Amino acid sequence: MGIATAEARGPRLLAEALQATDGGAWLVRAGAWPIGARWEAPPPSATARPLLALGAVDGESPPAATWRVALDLERGDLPAAFSVYLEAPLLTALRGALDDGLGPGLLRLRDRRRPRVVRASALDVGFDERLRVAEVVTSLQQGGAERIAVDLAGALPAQGLTALLAVMGAPTRQAIIPPRDTALLEWNREQQRGRAAPRLAEALVASGIDVVHAHLLEADDVRALARTGIPVAVTLHNQRPGWPAGTASLRPGDASLLIACSRAVQRDVAAAGLSLPSRTAWNGIAFDRFAPTQERDAAARAWRARLGFGPDDFVMLALANARPQKRLERLPGVLGELRAAFEGLGSSREARLVVAGSPSAGSAASTLAQAELERAVERFGLGDHVRTLGSVSDAAGLLRAADVLVSASAHEGLSLALLEALASERPVVATAVGGAPEVAARTAGVSLVGSDAPAADFVPPLLAIARGDERPALAPGAARHFSLGRMAADHARLLRSVASASGRRRGDGLLLVANNVSTGGAQSSAIRLLLELRRRGRKVRAAVIQEQIRFPTRGRRALEAAGVPVLAVPPPEELEPAAAVSRILESIEADAPQAIALWNVIAVHKLLLADTLLDVPVFDVSPGEMYFEALERYFARPRPGLAYESPAEYGARLAGVIVKYQAEAAGARALGAPIHVIPNGIEVPAGGLRGSSNGRVVIGTLARLNPRKRVDRLLRALRLAAPRLPPHVLRIGGAAERQSQGHVRELERLALGLEVEFLGEVEAAAFLDGLDVFALVAEPAGCPNASLEAMARGVAVAATDAGGMSEQIVDGVSGRLVAREDDAGLAEALVELCHDTEKRRRLGQAGRERVAERFSLRAMTDSYEDVLLGGH
């Protein structure tokens, strides 16, 4: 007996699953899971009719209702099939009746085979249409990782997931009480070491969990959960010295994804040589829990009174449980240095230290850390100025009672206390460990000292805070990157990817993602590649992110007319990038490609795609000057929460980079990914140079009218050449781009008094067939299609030596090539070609041969097929 899942993806995948099934089959709707402890196939019907048995949805469909569904099926109504068992004769018939899906297939099965329809309680299932995530944590005690697990369990439902909180053991310090609406995964916890994880694993399977998200679990426990077959994502909440036992030994199969809570932790993952996929998702907090309010400020005054501090006392606060990594014993020395600095400045202001947090019961290291703090207080004689509070429930009020949060940690992940202080509008002075530099780089209010800095190094930033130097509001900047909502959204995106990758078969063919497939050389190459791959029998599809869904561009219409599916998501002004990427990911889940090519894609969209995809190779096509300009603009103001700071970090997510000419490879090395050089390619049409027939030499160029295409330089060169040219005309084919009207007016001014025709959008082949000379001035340039198309039609080309033009044109052999920004040189080339018909013919023929030899569509497609799809 086989078990298949009736996915909403379509009947084809279900039919393929059933092909491999012998005997009867139990079909379970996507989102459903068996709830019985033991399953047995229903006994054959005494009527000798083939059996079709239905299960109920636990808690929603009582047995009587399921009987009614069975009767409805017999009468001819369409059932909501969540759990169906079919004996072998019915299964054979069903394989050929799935064209419109499972429900219509069952109705056709009823008409053809007249099955006996019954209810079987052994088929009962649980059902949840949303992805089910178990947030698994070692205990619910006061601590940053534990708080993250609880907060995610509460926040993921707003991201469209069902989240359940599972706790493996009892707390050893003050417990966290989860909110009432947190769904707890009930199970019988075994306190003996080695027993909790296997028992929890059974509960996870019985609860229909799709993804396990583990916090603080040791490697053996992670492996025990993974043995269920449920994919496991593991968040690392600390730098390597603080990793749970065995974490560095995890291998593929032990977990599906490592989630680092900071880039510092991500670097430790890389340094440890872990071969698992890893991503960074910064910690976040609910800023409203700590925002200043009248009530919290009243609580702050009460705290000061209770601690015996005056309203003008300068209070340093450490929010940290006693552990060796926190190095709390260093803080009394900092207090002593600060008090001495106040005295040296002639200030009578008192400096105080409050430490809130407790050691873990039964932990010798934790108890020792607490004792070292107490000894340091005694050694410096600061007993009257230090308060140790143990765990506190009102951290928000205590933060408002303090003037600054201090931390001397040796290592961290990304401290929640640091974020809580900023949310409370309290500055921070901390050692530059873990995620502290990442927070400091993105918001004001964080001063860093060296990880092993002496106590005196803390004093200058503390004095600046004590002076009350003007400071901006701290919370808004921090909330932009480190909010609970942002953290939940990023985790939801990654956890969905873990679930998708775990059940995905090897993909087929290519998905090309582009901004658009309208006009332009890059778009033309993309269209040619897709059409040629399809002609070769390869499966191809495209997605565009800048086109209006209801108004397809000419390129999109051409692809769809040729049978290439194109997913158009609403453009950025209508749909936020993460939502747009989510739609592309849904299409990938439904129909996984073998590879993805990012072809001129907005930076934030490409980073989100590369960050989310775990199992599909992603290639970025044609980095160049504009490409790196776009990345530079992105990294100047990166997407909140997306923890990438350089092109190299993005490149680490890529399977490869494809550039259009050899010199471009040098710049692409900044990405650090494998580089492949694939020039553009076109078809070489039959026939040769046609040219003008009315006695004038026709010079032409094809270029969208925007400043980058440098048509202004061509007009300046033409003005220099015009007095020495025979009768001539310059024809400019190309429409003005949006927001380029000012540039168009400047071009029209430059053309005054010259023989120039602005033709707007033209059909390229007919336009080129009417030319004697093609001129190209574009900076930056890649491997321009316009010049290749002119050369392929035998038109002599004069171009500036930018981008890959020197690989297309050998000066004086297959065209004329002049230096960049050399208007006079371009003018001389135009004069030479316009006067010498034979030279035009010779250069045109040589250019045509060069395109056929080095820039053919066949050669381009062969190369892409080899790189992206593994051969042709």
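Quick note: structure is the one above.
Anyway, here's the lowdown on the structure attached to this text. (Residues numbered from 1 in each chain as written. Predicted model: local features only at pLDDT ≥ 70, side-chain atom pairs only at ≥ 80, totals over all residues. Heavy atoms only, no water.)

**Description of the overall build of the protein chain**
Each helix and strand counted, the protein chain has 32 helices and 33 strands in total. Relative to its 872 residues, the protein chain shows a buried fraction of 56%. At a minimum sequence separation of 6, the contacts of the protein chain that also span at least 24 residues come to 72%. In the form shown here, the protein chain has an accessible surface area of approximately 35,700 Å², with 50% of it arising from carbon and sulfur atoms. If you average the places of the 102 positive and of the 100 negative side-chain charges in the protein chain, the two averages end up 3 Å apart. (Helix = DSSP H or I, 4+ residues; strand = E, 2+ residues; numbered from the N terminus. Buried < 20%, exposed > 50% of the residue type's maximum accessible area, 1.4 Å probe, protein only. Contact = heavy atoms within 4.5 Å. Areas by Shrake-Rupley, 256 points an atom, 1.4 Å probe, with all protein chains shown as cover. Lys, Arg positive; Asp, Glu negative; His and termini not counted. Charge placed at Lys NZ, Arg CZ, Asp CG, Glu CD.)

**As for the sheet that holds strand 17 (residues 386–390)**
An order of 17-16-15-18-19-20 is seen for the six strands of this open sheet, with the pairing classed as parallel. With partners counted over all chains shown, the strands left at the sheet margins are strand 17 and strand 20 (446–449), one partner each. Averaged over all neighbouring strand pairs, the angle between strand axes comes to 25°, with direction disregarded. As paired elements, strand 16 (residues 351–356) and strand 17 share four bridges and run parallel to each other. Within strand 17, the residue paired with V355 across the bridge is T388. Its contacts with the sheet place helix 15 (residues 459–467) against strand 15 (314–319), strand 18 (404–407), strand 19 (428–431) and strand 20, and it is angled at close to 125° to strand 15. (Pairing = 2+ DSSP bridges. Axes fitted to C-alpha atoms, helices over the stretch in contact; angles between N-to-C directions.)

**Here's the deal with the environment of E821**
With respect to the element layout, E821 can be found in the loop between strand 33 (816–818) and helix 30 (823–835). Residue classification places E821 among the exposed residues on the basis of a relative accessible area of 56%. When the C-alpha positions of E821 and K326 are compared, they lie 60 Å apart, and in sequence the two are 495 residues distant.

**A short note on the nonpolar core**
Core analysis: the biggest nonpolar cluster contains 95 residues, and V136, L156, L204, L225 and L317 have the highest contact counts within it. When residues of this core are assigned to their parent elements, the largest contribution, eight residues, is made by helix 17 (residues 484–503). Residue contacts for L317: discarding those within four places in its chain leaves V354, A356, L398, L399, A402, V404, L405 and V406. Counting residues in each nonpolar core, the second largest holds 37 residues, with L585, Y627, L654 and A668 among its members. (Core = buried A, V, L, I, M, F, W, Y, C linked by side-chain atoms within 4.5 Å.)

**Brief notes about the pairing of strand 4 (residues 51–54)**
The side-chain alternation of strand 4 yields two buried faces, one formed by L51 and A53 and the other by L52 and L54. Looking at chain direction, strand 4 and strand 5 (residues 83–86) are connected through three bridges and run antiparallel. The residue of strand 5 that forms the bridge with L54 is V84.

**Some words on the packing of helix 18 (residues 521–535) against helix 32 (residues 857–869)**
Two elements in contact, helix 18 and helix 32, have axes whose closest approach is 10 Å; the angle formed by their N-to-C orientations is 75°. Regarding the angle of helix 18 to helix 32, the classification is roughly perpendicular. Of the residues in helix 32, those touching helix 18 at S525, R528, L529, E532 and L533 are L857, M860, T861, Y864 and E865. For the contact of helix 18 with helix 32, a count of residues per class yields five nonpolar, two polar and three charged. (Parallel < 35°, antiparallel > 145°, perpendicular 65-115°, else oblique. Nonpolar A, V, L, I, M, F, W, Y, C, P; charged D, E, K, R; others polar.)

**Here we look at the environment of Y864**
With respect to the helices and strands, the residue Y864 is situated in helix 32. Considered as a pair, Y864 and L533 are 331 residues apart in the sequence and their alpha carbons are 9.3 Å apart. Each residue touching Y864, except ones within four places of it in the same chain, is listed here: L529, W599, V621, I658, K660, I678 and L869.

**Comments concerning the pattern of salt bridges**
Taken as a whole and assessed by the stated rule, the structure comprises 43 salt bridges. Residues R352 and D313 are paired through a salt bridge, measuring 3.0 Å at the closest nitrogen-oxygen approach. Here D313 lies in the loop between helix 9 (294–307) and strand 15 and R352 lies in strand 16, a separation of 39 residues in the sequence. Residue R352 shares its accessibility class with D313, and that shared class is buried. For E532, the salt bridge is made with R535, and the minimal N-O distance between the two is 2.6 Å. With E532 and R535 both in helix 18, this residue pair falls three residues apart, about one helical turn. Using a relative accessible area of 61% as the deciding quantity, one classes R535 as exposed. (Salt bridge = Lys/Arg side-chain N within 4 Å of Asp/Glu carboxyl O.)

**A word on helix 32**
Counted at 1.5 Å a residue, the expected span for helix 32 with its 13 residues is 18 Å, and the 17 Å between its end C-alpha atoms agrees. Listed as buried for helix 32 are L857, M860, T861, D862, Y864, E865, L868 and L869. For helix 32, the elements touching its buried residues are strand 21 (510–514), helix 18, strand 24 (595–599), strand 25 (618–621) and strand 26 (656–659). Positive backbone phi, approximately 75°, marks G870, located one or two places after helix 32. (Expected span 1.5 Å × (residues − 1).)

**Some thoughts on the sheet that holds strand 22 (residues 540–544)**
The strand order 23-22-21-24-25-26-27 describes an open sheet built from seven strands, whose pairing is parallel. The open sheet terminates on both sides in strands that have one partner only, identified here as strand 23 (566–568) and strand 27 (675–677). For this sheet, the mean angle separating the axes of adjacent strands, direction not counted, is 20°. Relative to strand 23, strand 22 is paired through three bridges, and the arrangement is parallel. Paired with V544 across the bridge in strand 23 is A568.

**Some points on the packing of aromatic side chains**
Summed over the entire model, instances satisfying the criterion amount to five aromatic pairs. A centroid spacing of 5.1 Å and a plane angle of 80° characterise the contact between Y627 and F628, whose relative ring orientation is edge-to-face. Between Y634 and F635, the ring centres sit 5.1 Å apart and the planes meet at 75°, which makes this aromatic pair edge-to-face. On the basis of relative accessible area, Y634 is assigned to the buried category, the value being 8%. (Phe/Tyr/Trp six-rings, centres within 6.5 Å; stacked < 30°, edge-to-face > 60°.)

**Points about unusual backbone geometry**
Among all residues except glycine, the phi angle is most often negative; among peptide bonds, the trans geometry is most common. Of note, the phi angle at L216 is positive, near 70°, even though the residue is not glycine. With respect to the helices and strands, the residue L216 is situated in the loop between strand 11 (211–215) and helix 7 (219–226). Judged by relative accessible area, L216 falls into the partly exposed class, the value being 26%. Phi angles above zero are rare outside glycine, and N600 is one such case at about 55°. Structurally, N600 can be placed in the loop between strand 24 and helix 21 (603–612).

**Some details on helix 19 (residues 554–561)**
Along helix 19, the residues classified as buried are G555, R556 and L559. For helix 19, the arc enclosing every buried residue in end-on projection is 100°, short of the 170-degree limit, so these residues lie on one face. Structural note: helix 19 exposes R554 and A561 on the side pointing more than 90 degrees away from its buried face. Along its buried surface, helix 19 packs onto helix 18, strand 22 and strand 23. (Arc of directions from axis to C-beta.)

**Focus: the side chain of R850**
Among the secondary structure elements, R850 is positioned in helix 31 (residues 837–854). One buried charged residue, R850, forms no salt bridge at all, with the nearest opposite charge on E853 at 5.7 Å. At 2.8 Å, the side chain of R850 forms a polar contact with the backbone oxygen of Q808. (Polar contact = N/O pair within 3.5 Å; in protein donor to acceptor, adjacent residues only side chain to side chain.)

**Let's talk about the pairing of strand 5**
A two-sided burial pattern is seen for strand 5, the buried positions comprising S83 and Y85 on one face and V84 and L86 on the other. Where strand 2 (residues 25–29) lies against strand 5, four bridges are found, and the strand directions are antiparallel. Among the inter-strand pairings, L27 is bridged to a residue of strand 5, identified as V84.

**Structural notes on the side chain of E807**
For E807, the position within the fold is in helix 29 (residues 805–808). A distance of 2.8 Å separates the side chain of E807 from the backbone nitrogen of Q662, its partner in a polar contact. Setting aside chain neighbours within four positions, we find E807 in contact with Y661, Q662, A663, R850, R854 and F855.

**Some thoughts on the environment of A408**
Structurally, the position occupied by A408 is in the loop between strand 18 and helix 13 (416–423). Under the relative-accessibility criterion, A408 is labelled buried at 3%. Considering only alpha carbons, one finds A408 and L575, 167 residues apart in sequence, at a separation of 43 Å. A408 has contacts with K326, R327, R330, L331, T431 and F458, leaving out every residue within four places of it along the chain.

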